[in-house]
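The primary structure of each chain is shown beneath.
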Amino acid sequence: IIDSWKSLIDYCRLTIGYIKIEQLRILYLNTKNILIEEDFHNFGTVNQVPIFPREIVKRAIFLDASSLIIAHNHPSGDVTPSKSDIDIT
């Protein structure tokens, strides 16, 4: 269960926090915030990763997810969102 911001951050740090290239992961949740599925959506370079919203929404519908979390790492260690991060969000 992802029941808090801290548990989400801890989980993301464990799964993608130390990878040397950017990865985009999608966590699909049910109504009780229990993880239904986690997808590795894409990988990129040291400072960018492509995202395809249509494919994310299609997968969420297929899984009957009630919510989703999109997460990616910053290999530089600087977690400040880039302009591209803000634009796509």
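Everything here concerns the structure above.
By convention here, each chain's residues receive numbers from 1 onward along its written sequence. With the structure being a predicted model, the display of local features is reserved for residues of pLDDT at least 70 and the display and counting of side-chain atom pairs for 80 or more, all residues being used for whole-chain, interface and lining totals. Note that the side-chain values use all heavy atoms of the structure and ignore hydrogens as well as water.

1. Focus: unusual backbone geometry
Notably, Asn33 is not glycine yet its phi reads approximately 60 degrees, a positive angle. Numbering goes from the N terminus for both helices and strands, where a helix is a DSSP run of H or I of at least four residues and a strand is a run of E of at least two. Mapped onto the fold, Asn33 is located in the loop between strand S1 (23–29) and strand S2 (35–43). Exposure categories follow from relative accessible area, calculated using a 1.4 Å probe and restricted to protein chains: below 20% of the type maximum is buried, above 50% is exposed, and the middle band is partly exposed. Take Asn33: its relative accessible area is 33%, and that puts it in the partly exposed class. The backbone phi angle of Asp64 is positive, close to 60 degrees, even though this residue is not glycine. Positionally, Asp64 belongs in the loop between helix H2 (53–63) and strand S3 (67–72). For Asp64, a relative accessible area of 65% corresponds to the exposed category.

2. Focus on the sheet that holds S1
Spatially, three strands are ordered S2-S1-S3 in an open sheet, and the strand pairing comes out antiparallel. Each edge of the open sheet carries a strand with a single partner, namely S2 and S3. Between one strand axis and the next, the sheet turns through 20 degrees on average, direction left out of account. Between any two strands, pairing holds if DSSP finds at least two bridges. With seven bridges connecting them, S1 and S2 associate as antiparallel partners. Bridge pairing in S2 places Tyr28 opposite Glu37. Here an angle of 0 to 180 degrees is reported between the N-to-C directions of two axes, which are lines fitted to C-alpha atoms, with helices fitted over the stretch in contact.

The values reported here are purely geometric and, on their own, carry no functional implication.
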